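Structural features, examined
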Amino acid sequence: MFKFLKEKLKRTISKFSRKVEEETRVEETIEEPKQEEVKIEIPETKEEQKEGISKQPEEVKKEQKKVEKQEIKEETTIKQEEPEKKGFFGKLKEKIVTKKLSYEKFENLFSDLELILMENNVALEVIEKIKSDLEKNLVEKPIKRTKIEEIIKQSLKNSIDDLFKVEEINLLRKIKYEEKPFVIAFFGINGSGKTTTIAKIANLLKEKNFSCVLAASDTFRAASIEQLQIHADNLGIKLIKHDYGSDPAAVAFDAIKHAKAKNIDVVLIDTAGRLHSNENLMQEMKKIIRVAKPNLKIFVGESITGNDCVEQAKAFDKTVGIDGIILAKADIDEKGGTAISISYVTKKPIMYLGTGQKYEDLKEFEPNLIVEGLGL
Ligand SMILES: Nc1nc2c(ncn2[C@@H]2O[C@H](COP(=O)(O)OP(=O)(O)O)[C@@H](O)[C@H]2O)c(=O)[nH]1
Ligand SMILES: [Mg+2]
């Protein structure tokens, strides 16, 4: 799912870390230890040189060696014992460790990461959160240069964990413990994957030995009833349907009546795709809710549509009050930003991911999938 983002994120984090490291680097200004000046005359020509060396008085040679030794000693004593020099080196190290990153520099460096996140459909609210968390961990803090990449990754990981701190919905447990029939209504715009997702949920329920009935409350879109009928036949499940153009709330009502009469566990209500900007059609959805009183209202969104999907979820939540989210088409979403963002923006949990067109292509959502998928 995070084909693009994962690679880019990895490269950007490395680059970001390197830049932070550069920004926090301190010029090493160790003063050269003063040496005794010893003048050694160096002959100019090769011959003179030869002669000079042989002629060099023993004393000068000794002086030369002494200086060489002293140089070596100075070098080693900086690193090791001599208390005064060690203190100086220690201070320098301290300086390297505690050099801080200013907010201006951080903002500048964050822009690369910001762009990558935006390009991969991560919502602005989420980018702001990631930025403010990173800022808390990096800006005006003593940073160990060797740890920068680790700090950045950990900060990102924690931010992403936080994005999913919303109340989870355990669908199967809810169905098991709540009163029968358990009614679920599915909402979302045309083509987002509602009908396919309903078939997948029906298949899951069947596997878990729950009985269910489908309500063809999409009486609006051509071929929608036939599409659902095919799924119902494939899965051996009853479909309640009326004619095209009839009242969707009445279809839902009949399906619930049927479930009550037959002691069926779950009613799954398909609805017509509604553009969230169409007020009349939104009113129709409200009627379905008034009549069917669903235990759960699930928004089905297309993972690949990024911020549009997040905006739709917000609009549907405002109109019908959604409880949870299923993101269809996660298998063809190479960016992943919708899955990263939608819970944080809507404060609703992602329950499942649609991962293909087959009935079994429904994966229970776990936030860990995101953290691992991003390689954090
Ligand atoms: N690859 C992929 N395609 C999907 C998934 N879910 C639905 N689709 C396809 O998306 C298209 C629209 O789905 P549909 O269920 O009719 O959407 P609806 O208009 O919201 O009911 C269909 O061609 C589905 O096969 C999914 O998880 N992965
Ligand atoms: Mg449909």
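Our subject is the structure that appears above.
The following paragraphs examine the structure supplied in this document. It should be emphasised that the depicted structure is a prediction, and the values quoted were computed from it without experimental measurement.

**A closer look at the site of ligand 1**
Lining the immediate environment of ligand 1, one finds 18 residues, of which Gly191, Lys194, Thr196, Arg221 and Gln357 sit closest. Within the backbone of Lys194, a nitrogen or oxygen atom sits 2.8 Å from an oxygen atom of ligand 1. Summarising the interface, the protein chains cover 83% of the accessible area of ligand 1, which totals 580 Å² for the free molecule. In terms of residue count, the dominant contributor to the shell around ligand 1 is helix H9 (residues 194–207) (four residues). Across the shell around ligand 1, the residue classes tally to two nonpolar, 11 polar and five charged.

**Observations regarding helix H1 (residues 3–23)**
Under the 1.5 Å per step criterion, the end-to-end length of H1 is 31 Å for 21 residues, consistent within 8% with the ideal 30 Å. All of the buried residues in H1 are Leu5, Leu9, Thr12, Ile13, Phe16, Ser17 and Val20. Angularly, the buried residues of H1 cover 140° about the axis, an arc narrow enough to put them on a single face. Along H1, the residues that are exposed and aim more than 90 degrees away from the buried face are Lys3, Lys10, Arg11 and Glu22. Elements that come into contact with the buried residues of H1 comprise helix H5 (103–119), helix H6 (124–138), helix H7 (148–163) and helix H14 (337–346).

**Let's talk about helix H10 (residues 224–235)**
The end-to-end C-alpha distance of H10 is 17 Å, a good match for the 16 Å that 12 residues give at a rise of 1.5 Å each. The complete set of buried residues in H10 reads Ser224, Ile225, Leu228, His231, Ala232 and Leu235. Along H10, the residues classed as buried sweep out an arc of 125° about the axis, all on the same side. Structural note: H10 exposes Ile230, Asp233 and Asn234 on the side pointing more than 90 degrees away from its buried face. On its buried face, H10 sits against H9, strand E2 (212–217), strand E3 (238–240) and strand E4 (266–271). Gly236 lies just past H10 and shows a positive phi near 70°.

**Re the side chain of Thr338**
Position of Thr338 among the secondary structure elements: in helix H14. On the accessibility criterion, Thr338 (0% relative accessible area) is buried. When near neighbours in sequence (up to four residues on either side) are disregarded, Thr338 contacts Asn121, Ser303, Thr305, Gly306, Cys309, Val310 and Leu327.

**Considering the sheet that holds strand E8 (residues 362–364)**
Taken in spatial order, the eight strands make up an open sheet running E3-E2-E4-E1-E5-E6-E7-E8, and their pairing is mixed. The open sheet has two edge strands, E3 and E8, and neither has a second partner. Here the average twist between neighbouring strands, direction ignored, is 25°. By the bridge criterion, four bridges tie strand E1 (residues 182–187) to E4 in an arrangement that is parallel. Within E4, the residue paired with Val183 across the bridge is Val267. In this fold H14 packs onto strand E5 (296–302), strand E6 (324–328) and strand E7 (350–354), with an angle of close to 165° to the strand it touches most, E6.

**So, the nonpolar core**
Core analysis: the biggest nonpolar cluster contains 69 residues, and Phe16, Ile269, Ile340, Ile342 and Ile370 have the highest contact counts within it. In terms of nonpolar packing, the next biggest core, distinct from the first, is built from 33 residues, Leu171, Ala202, Leu239 and Ala328 among them.

**Notes on the environment of Leu353**
Note on placement: Leu353 falls in strand E7. When the C-alpha positions of Leu353 and Lys329 are compared, they lie 7.6 Å apart, and in sequence the two are 24 residues distant. Residues in contact with Leu353, not counting those within four places in the same chain, are Met1, Leu327, Ala330, Asp361, Leu362, Lys363, Phe365 and Leu369.

**Digging into the packing of H5 against H6**
Running from amino to carboxyl end, H5 crosses H6 at an angle of 145°, the nearest separation of the two axes being 10 Å. The element H5 and its partner H6 pack so that their crossing is right-handed. Seen from H5, the contacting residues are Tyr103, Phe106, Glu107, Phe110, Leu113, Glu114, Leu117 and Met118; seen from H6, they are Leu124, Ile127, Ile130, Lys131, Leu134, Glu135 and Leu138. Counted by class, the contact of H5 with H6 contains 11 nonpolar, no polar and four charged residues.

**Re the pairing of E2**
Counting buried positions over the six residues of E2 gives six, a clear majority of the element. Neither face of E2 is left uncovered, since the one carrying Cys212, Leu214 and Ala216 and the one carrying Val213, Ala215 and Ser217 both have all their residues buried. When E2 meets E4, the two strands line up parallel, connected through six bridges. Note on E4: the bridge partner recorded for Cys212 is Val266. At this point the chain moves from E2, through H10, to the parallel E3, and the crossover so formed is right-handed.

**Here we look at the pairing of E5**
Among the seven residues in E5, seven count as buried, and that is most of the element. Of the strand pairs in this sheet, E1 and E5 are connected by four bridges, and their pairing is parallel. The partner of Ala185 across the bridge, within E5, is Lys297. When E5 meets E6, the two strands line up parallel, connected through five bridges. Within E6, the position partnered with Phe299 by the bridge is Ile325. Remark: the E5/helix H13 (residues 307–320)/E6 crossover connection has right-handed handedness.

**Comments concerning the packing of helix H11 (residues 248–262) against helix H12 (residues 279–292)**
Their axes nearest at 8 Å, the elements H11 and H12 cross at an angle of 25°. Compared by their axis directions, H11 and H12 come out roughly parallel. Between H11 and H12 lies a crossing of right-handed hand. Every residue of H12 that contacts H11 at Pro248, Ala249, Ala252, Phe253 and Ile256 is listed here: Glu284, Lys287, Ile288, Val291 and Ala292. Residue composition of the contact of H11 with H12, by class: eight nonpolar, no polar and two charged.

About the cut-offs
- Residues numbered from 1 in each chain as written.
- Chains lettered and ligands numbered in written order.
- Predicted model: local features only at pLDDT ≥ 70, side-chain atom pairs only at ≥ 80, totals over all residues.
- Heavy atoms only, no water.
- Near = heavy atom within 4 Å.
- Polar contact = N/O pair within 3.5 Å; in protein donor to acceptor, adjacent residues only side chain to side chain.
- Areas by Shrake-Rupley, 256 points an atom, 1.4 Å probe, with all protein chains shown as cover.
- Helix = DSSP H or I, 4+ residues; strand = E, 2+ residues; numbered from the N terminus.
- Nonpolar A, V, L, I, M, F, W, Y, C, P; charged D, E, K, R; others polar.
- Expected span 1.5 Å × (residues − 1).
- Buried < 20%, exposed > 50% of the residue type's maximum accessible area, 1.4 Å probe, protein only.
- Arc of directions from axis to C-beta.
- Contact = heavy atoms within 4.5 Å.
- Pairing = 2+ DSSP bridges.
- Axes fitted to C-alpha atoms, helices over the stretch in contact; angles between N-to-C directions.
- Core = buried A, V, L, I, M, F, W, Y, C linked by side-chain atoms within 4.5 Å.
- Left-handed = near helix turned anticlockwise from the far one by under 90°.
- Right-handed = clockwise from strand over helix to strand, strands pointing away.
- Parallel < 35°, antiparallel > 145°, perpendicular 65-115°, else oblique.

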